[in-house]
Amino acid sequence: MTQPAFDQFDVIVQGAGPVGLACTGWLLQNNPSLRVLLLDRSPEDDAAIISGDQRGIAISEGSRLLLNTLGAWPKEAPSIHQVNVSHRGHFGRAVMTREEINQEALGHIVRYADIHLALRQALKELRPNYPNFEWRFESKLESLTVHEHSQCCWIHAEGGLFQDQEAKDQHRDYEQSALIGWVQATNVAPHQAWERFTDEGPLALLPSHRGPGYLNLVWCSRPETAQRRVETPAKELLAELQIAFGDLVGQFTSINDLRTYPLGLNARNEIVKGSEVWIGNAAQTLHPVAGQGLNLGLRDAATLSNCLSPALCSPNESRASAIHQALEDYTKLRQGDRNATIGTTDFLARVFTSKLVPVVIARGLALSALQWMPRVKSALARQMMFGQR
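Chains are numbered independently. Their residues run from 1 in the order of the written sequence. The predicted nature of this model means local features are confined to residues of pLDDT at least 70 and side-chain atom pairs, given and counted, to a pLDDT of 80 or more, with totals for whole chains, interfaces and linings taken over all residues. With hydrogens and water excluded, all non-hydrogen atoms of the structure serve as input to the side-chain values.

> Explanation requested: the pattern of salt bridges in the structure shown.
A side chain with one charge may pair with a side chain of the opposite charge, provided their charged atoms come close. Salt bridges are counted wherever a side-chain nitrogen of Lys or Arg sits within 4 Å of a carboxyl oxygen of Asp or Glu. Considering all chains together, one arrives at 23 salt bridges under this definition. Notably, a salt bridge pairs Asp-53 with Arg-55, separated by 2.7 Å at the nearest N-O pair. Accessibility here uses a 1.4 Å probe with only protein chains present; expressed as a share of the type maximum, an area under 20% marks a residue as buried, one over 50% as exposed, and anything in between as partly exposed. By relative accessible area, which is 26% here, Asp-53 ends up partly exposed. On the accessibility criterion, Arg-55 (15% relative accessible area) is buried. Note that Arg-334 and Asp-337 form a salt bridge whose closest N and O atoms lie 2.9 Å from each other. Here Arg-334 and its partner Asp-337 are both found in helix α8 (residues 319-351), three residues apart, which amounts to about one turn of the helix. With respect to burial, Arg-334 and Asp-337 carry one shared label: buried. To qualify as a helix, a DSSP run of H or I must reach at least 4 residues; to qualify as a strand, a run of E must reach at least 2; elements of each kind are numbered from the N terminus.

> How should the sheet that holds strand β11 (residues 192-198) be read in this particular structure?
Two pairing modes exist for strands in a sheet, parallel and antiparallel, and in both the strands are linked by backbone hydrogen bonds. Pairing in this open sheet of eight strands is mixed, and the strands run β6-β5-β11-β12-β13-β10-β14-β17 from one edge to the other. Where the open sheet ends on each side, the last strands, each with one partner, are β6 (93-97) and β17 (284-285). One ladder, built from five bridges, connects strand β5 (residues 82-87) with β6; its direction is antiparallel. Across the sheet, residue Val-85 finds its bridge partner in β6, namely Ala-94. Most of the contacts of helix α6 (residues 234-245) go to strand β14 (residues 252-267), to which it runs at about 65°, and overall it touches β10 (170-185), β11, β12 (201-207), β13 (214-221) and β14. Following DSSP output, two strands are said to pair if at least two bridges run between them. For this analysis, residues touch if any pair of their heavy atoms sits within 4.5 Å. Convention adopted: a line fitted to C-alpha atoms gives each axis, helices being fitted over their contacting stretch, and angles between N-to-C directions are expressed from 0 to 180 degrees.

> Any chance you could explain the environment of Asn-266 here in plain terms?
Looking at the element boundaries, Asn-266 is found in strand β14. Looking at Asn-266, the relative accessible area reads 0%, which means it is buried. Taking the C-alpha atoms as reference, Asn-266 lies 5.6 Å from Lys-168; in sequence the two are 98 residues apart. One polar contact links the side chain of Asn-266 to the main-chain carbonyl oxygen of Glu-166, over a distance of 2.9 Å. Two N or O atoms count as a polar contact when they lie within 3.5 Å, although within protein this holds only if one can serve as hydrogen donor and the other as acceptor, and sequence-adjacent residues are included solely when both atoms are side-chain atoms. Polar side-chain contacts of Asn-266 include one of 2.9 Å to the side chain of His-171.

> Help me understand the sheet that holds strand β3 (residues 56-60) in this model?
Here three strands make up an open sheet; going across it, the order is β3-β7-β4 and the pairing antiparallel. Whereas interior strands pair on both sides, the edge strands pair on one side only; in this sheet they are β3 and β4 (79-80). As paired elements, β3 and strand β7 (residues 107-111) share five bridges and run antiparallel to each other. In the sheet register, Gly-56 faces β7, and the bridge partner there is Arg-111. Its contacts with the sheet put helix α4 (residues 112-126) on β3 and β7, and the angle it makes with β7 is roughly 85°.

> Would you mind showing me how to read the pairing of strand β2 (residues 36-39) here?
Strand residues, when the strand is regular, have side chains that alternate between the two faces of the sheet. Neither face of β2 is exposed, since Val-36 and Leu-38 on one face and Leu-37 and Leu-39 on the opposite face are all buried. Here strand β1 (residues 11-14) pairs with β2 via four bridges, running parallel. Of the residues in β2, the one forming a bridge with Gln-14 is Leu-39. In the classification by handedness, the crossover that spans β1, the intervening helix α1 (residues 18-30) and the parallel β2 is right-handed. Sheet topology note: the β2/strand β8 (residues 133-136) ladder contains four bridges and is parallel. When the bridges of β8 are listed, Leu-38 appears paired with Trp-135. With the strands aimed away from the viewer, a crossover counts as right-handed if its path from the first strand over the helix to the second runs clockwise.

> Is there a simple way to explain the packing of helix α7 (residues 293-311) against α8 in this structure?
Two packed helices can be described by the angle between their axes and the distance between those axes. For the pair α7 and α8, interaxial distance at closest approach is 9 Å and the crossing angle is 155°. In terms of orientation, α7 lies roughly antiparallel with respect to α8. Where α7 crosses over α8, the two elements pack in a sense that is right-handed. Judged by residue contacts, Leu-296, Arg-299, Asp-300, Thr-303, Leu-304, Cys-307, Leu-308 and Ala-311 of α7 engage Arg-319, Ala-322, Ile-323, Ala-326, Leu-327, Asp-329, Tyr-330, Leu-333, Arg-334, Asp-337, Arg-338 and Thr-341 from α8. Looking at the contact of α7 with α8, its residues break down into eleven nonpolar, two polar and seven charged. Any angle that is under 35 degrees is reported as roughly parallel, and any over 145 degrees as roughly antiparallel; angles of 65 to 115 degrees are reported as roughly perpendicular and all others as oblique. Working rule for handedness: look at the near helix, and if it is turned counterclockwise from the far one by less than a right angle, call the crossing left-handed; if clockwise, right-handed. By the convention adopted, Pro, Cys, Tyr, Trp, Phe, Met, Ile, Leu, Val and Ala count as nonpolar, Lys, Arg, Asp and Glu as charged, and the other residues, Gly among them, as polar.

Nothing here speaks to function; it is all geometry.
Shown next, in the form of structure tokens:
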């Protein structure tokens, strides 16, 4: 593929996953005449997206509100009204409810493929409204050299999972893998989510698009344990899950579609370099505890589009400096939210697997204290829903 000339475009977005698509959509909404090039490695046909990643992803209420501005909210998105947090084999429990923070929901569970497809189709429908928008499919472009004084902004939104990425500034292999799939149980309360910390990692059960009685499973453990569980007969695995989780949702009756992927932290310290900027998983890949990865990426995209849009309307002679100032502003605006979310997920991923007695006691006390400190609990819930403001 021929490298495009930078002066043809105001913005080049590399990567057309959910974060790249959302960022492109918001930029074009802010300025329909913007010259945007979107580089998408997938074909124009949606078949590969529809049959793609079926993982249930936690989407916060804040992210739902953002996606609604693009008309990109999937139809199948069961809501979470209550989150139950507990600590297997130890004291400490906390419950968060939507009523405590006066919101319609604490969050939603959406299949990754569904949210990817919803954003893709929304942008395709809006495409005729943007005369200078170019969407290149099956793009093999891997890297470009961006001139220091370029009047084009290069947005990296390539994403990717932890094991597929090169090491960034903050790189931590948690020596855990997530076993994901779905289960059926006999006494599942609607709109409830469970996060249960075990000695090997968190175990989450989340609402499923399949309906009553079904739950999405995210079971984190040492890689060898996760692999053994994939190969364990269903009856034996259900018994093991019952021991790990208890009877909070009754008896587990079936377990399906199991697969694993490694977990780690991989984050850039500097998210801007000249007229280049990294967002979403291109900037930070997180442990799935608390379900913050995609939500943080969508907040990246929304903030970036708001910062960049005025700069991209600047006269040609001042465009480069305006872009650099906008990206500097973006870095400052994202610093608090990024640091808080990365720090919180990294802390939770590590502290809840420690077997040191003082740590075990401290985390039980922390969970108990959280339950009896409503202001702290509300602040934590709002951080998870809307990010740091």
